[in-house]
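# Coordinate analysis (summary)
Residues per chain, in single letters:
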Amino acid sequence: MLSPRKIGKTWKVDGTVEGQRVRLSLGTRDREAAKKTVSDIELAMIDGKNSSRWLSLQTILPPKSFQVFANAVGWNPEPAKTAPIWSDLVCEFSTNFQRKVLQGDRSELTWRRYELACDTFTKFLKLRGISRLDEISRRVVEDFKAHRLDAILKQKHSRGGAGLHLDIAILHGVFAFGISVDLIAVKNPVKCEKTPGKRPELGAQPFKNEELQRLRRAAGPDLLAFLLLRHTGFRGFDAADLKWSEVDLRERSISRVTHKRRKSVWVSLHPELHFALETECEKQRPQLADRVLLNPDTGRPMTRPGLYRRIKVLGERAGVERAHPHRFRDTLAVDLLAKGATPYDVSKILGDTIAVIEEHYAPYVKELRERGRRLMESGGGIEPLSNSKQTTGGSESDGTFLARSSAPKGHVQ
């Protein structure tokens, strides 16, 4: 039993703890406060070390008095939790992303772009002396946008700072992951402004016929790369990563899983490309795991940056501006649509979605627009052509009604 006892001007707790008599200060001169504190001590000792009262008693009792009672039940304060920092979030996000790469849901190339954006943001935070996640506010992110845009615009090929939108979209995804794993308790501090890669004002940028002819004549040692891009529409990485095991010369086809969307595509070999691949196969005598494209200067497997550089130099030799691998993809898509292929057909060949084909390529095909015009002007449908003639009082071909109705009064037709 414990009881409050006033000794002098202050109150003390008097009683027995673990068989020993104690008389310890309660740190108060108020009788009611002393009685309540003693009652809380007794209840805390009855509940044991898991009692929630120990935290409040720690702030009320003098340290020496509190330690005697806390030691009696074996209570120890929980270690203070350290606030999560940016590097913790990047580490967890990286582990999660690498698991998806191993499962085939994401690509290693995509991770490199994510890693670049995270490293850039890390360097910015170091400049500002910020490490804790709760210190990264929307204001900090807005400062980063200005800082990053300034750095991008200083580069030679800045494209007006378009890369900033992808950096911000990546950071938004990283912080969204942090919220999902309870590393962040507040709302996402990164606000996306534009969808990265979406530039509808540009649309498709296919090569013109005369540009293709100049590129073919100037191809030289890059002829196989030119033909592969021209007749498959592969993205740069898929073209550079193509292996002989994915090429069937007997069936005249290429079959592979695209790197970006992980879609299986089957491309029939154009006779021109088929002949070039047969010639290269006879020359290389390759193994199935070998790459199809080799760097003509080194004889080593082609890389995506190396392919980009060679096509750019090829464009300079041919006098064709803005030559790069993706323009061949635009060329094939628009070419197929102009020949009468449906967006479904093109999506299967390119490994894209029908929505992407309709949005990015179809609006820029003149033949498709003309087909739409003919459909709009054709007869039949809900309102047959004969009814429209009776209503207008003129024929469809001479436009008499339109001329009469639009002419001012007193004007002779």
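Fair warning: this is a prediction, and the values are worked out from it, not measured in the lab.

Along its length, the protein chain carries 18 helices and six strands. For the protein chain, the proportion of its 413 residues judged to be buried stands at 35%. Sequence separation of at least 24 residues holds for 52% of the intrachain contacts in the protein chain that already meet a minimum separation of 6. Carbon and sulfur atoms provide 52% of the accessible area of the protein chain, an area that totals close to 25,400 Å².

Time to look at the side chain of Glu 280. Counting through the fold element by element, Glu 280 comes out in helix H11 (residues 271-284). For the buried Glu 280, no salt bridge exists, and the shortest N-O distance to an oppositely charged side chain is 4.8 Å, to Lys 283. Side chain to side chain, Glu 280 and Gln 284 meet in a polar contact 2.6 Å long. If we ignore the near neighbours within four places in the chain, the residues touching Glu 280 are Leu 224 and Trp 244.

What follows covers the packing of helix H8 (residues 209-218) against helix H9 (residues 223-232). Across the interface, H8 lies against H9 with an axial gap of 9 Å and an inter-helix angle of 150°. Judged by the angle between their axes, H8 and H9 are roughly antiparallel. Handedness of the crossing formed by H8 with H9: left-handed. Side by side, H8 and H9 meet where Leu 212, Leu 215 and Arg 216 of the first sit next to Leu 223, Phe 226, Leu 227, Arg 230 and His 231 of the second. Grouping the constituent residues of the contact of H8 with H9 by class yields five nonpolar, one polar and two charged.

Our next topic: helix H13 (residues 325-338). End to end, H13 covers 21 Å across 14 residues, agreeing with the expected 20 Å (1.5 Å per residue, within 8%). Counting buried positions over the 14 residues of H13 gives eleven, a clear majority of the element. Immediately beyond the C-terminal end of H13, within one or two residues, lies Gly 340, with a positive phi of roughly 110°.

A positive phi is found at Asp 182, a non-glycine position, where the angle reads about 65°. The topology assignment puts Asp 182 in the loop between helix H7 (163-180) and H8. With a relative accessible area of 69%, Asp 182 lands in the exposed category. Its identity as a non-glycine residue notwithstanding, Arg 285 has a phi of 50°, on the positive side. Here Arg 285 is to be found in the loop between H11 and helix H12 (304-318).

Looking now at the sheet that holds strand E5 (residues 253-257). The strand order E4-E5-E6 describes an open sheet built from three strands, whose pairing is antiparallel. Edge positions in the sheet fall to strand E4 (247-248) and strand E6 (264-268), since each of these pairs with one other strand and no more. Relative to E6, E5 runs antiparallel, the two sharing five bridges. Residue pairing in the sheet places Arg 256 in a bridge with Val 265 of E6.

For the rest of this paragraph, the subject is the packing of H9 against H13. Two elements in contact, H9 and H13, have axes whose closest approach is 7 Å; the angle formed by their N-to-C orientations is 40°. What the angle tells us is that H9 and H13 run oblique. Of the residues in H13, those touching H9 at Phe 226, Leu 229, Arg 230, His 231 and Thr 232 are Pro 325, Phe 328, Thr 331, Leu 332 and Asp 335. Counted by class, the contact of H9 with H13 contains five nonpolar, three polar and two charged residues.

Reported here for the second largest pocket is a volume of approximately 390 Å³. Lining the second largest pocket are 19 residues, and of these Pro 221, Leu 224, Glu 280, Lys 283 and Gln 284 lie nearest its centre. Of all the secondary structure elements, the ones that give two or more residues to the lining of the second largest pocket are H9 and H11. Examining the composition of the lining of the second largest pocket, we find that six residues originate from one element, H11, more than from any other. Split into classes, the residues belonging to the lining of the second largest pocket amount to eleven nonpolar, five polar and three charged.

Ranked by size, the top nonpolar core spans 33 residues in total, and within it Leu 215, Leu 277, Leu 307 and Phe 328 carry the most contacts. Of all the elements in the fold, those that place two or more residues in this core are H8, H9, helix H10 (236-241), E6, H11 and H12. Here this core takes six residues from H9, the largest share from any one element. With residues near it in sequence (within four places) discarded, Leu 277 still touches Leu 224, Trp 244, Val 247, Leu 249, Leu 269 and Val 292.

Pairing within the open sheet is antiparallel, and its three strands lie in the order E1-E2-E3. Every interior strand has two partners, whereas the edge strands, strand E1 (2-7) and strand E3 (20-25), have only one. With direction set aside, neighbouring strand axes in the sheet form an average angle of 25°. In terms of strand pairing, E1 meets strand E2 (residues 10-17) through six bridges, oriented antiparallel. Across the sheet, the residue bridging to Pro 4 is Val 13, located in E2. On the sheet, helix H1 (residues 31-47) packs against E1 and E2 and is oriented at approximately 150° with respect to E1. Strands E1, E2 and E3 of the sheet are contacted by helix H3 (residues 63-73), whose axis makes an angle of about 140° with E3.

Cut-off values and rules
Residues numbered from 1 in each chain as written. Predicted model: local features only at pLDDT ≥ 70, side-chain atom pairs only at ≥ 80, totals over all residues. Heavy atoms only, no water. Helix = DSSP H or I, 4+ residues; strand = E, 2+ residues; numbered from the N terminus. Buried < 20%, exposed > 50% of the residue type's maximum accessible area, 1.4 Å probe, protein only. Contact = heavy atoms within 4.5 Å. Areas by Shrake-Rupley, 256 points an atom, 1.4 Å probe, with all protein chains shown as cover. Lys, Arg positive; Asp, Glu negative; His and termini not counted. Salt bridge = Lys/Arg side-chain N within 4 Å of Asp/Glu carboxyl O. Polar contact = N/O pair within 3.5 Å; in protein donor to acceptor, adjacent residues only side chain to side chain. Axes fitted to C-alpha atoms, helices over the stretch in contact; angles between N-to-C directions. Parallel < 35°, antiparallel > 145°, perpendicular 65-115°, else oblique. Left-handed = near helix turned anticlockwise from the far one by under 90°. Nonpolar A, V, L, I, M, F, W, Y, C, P; charged D, E, K, R; others polar. Expected span 1.5 Å × (residues − 1). Pairing = 2+ DSSP bridges. 1 Å grid on protein atoms, 1.4 Å probe; cavity = no way out; pocket = protein on both sides within 12 Å on 5 of 7 lines; lining within 4 Å. Points joined across faces, edges and corners; volume = space filled by probe spheres on them. Core = buried A, V, L, I, M, F, W, Y, C linked by side-chain atoms within 4.5 Å.

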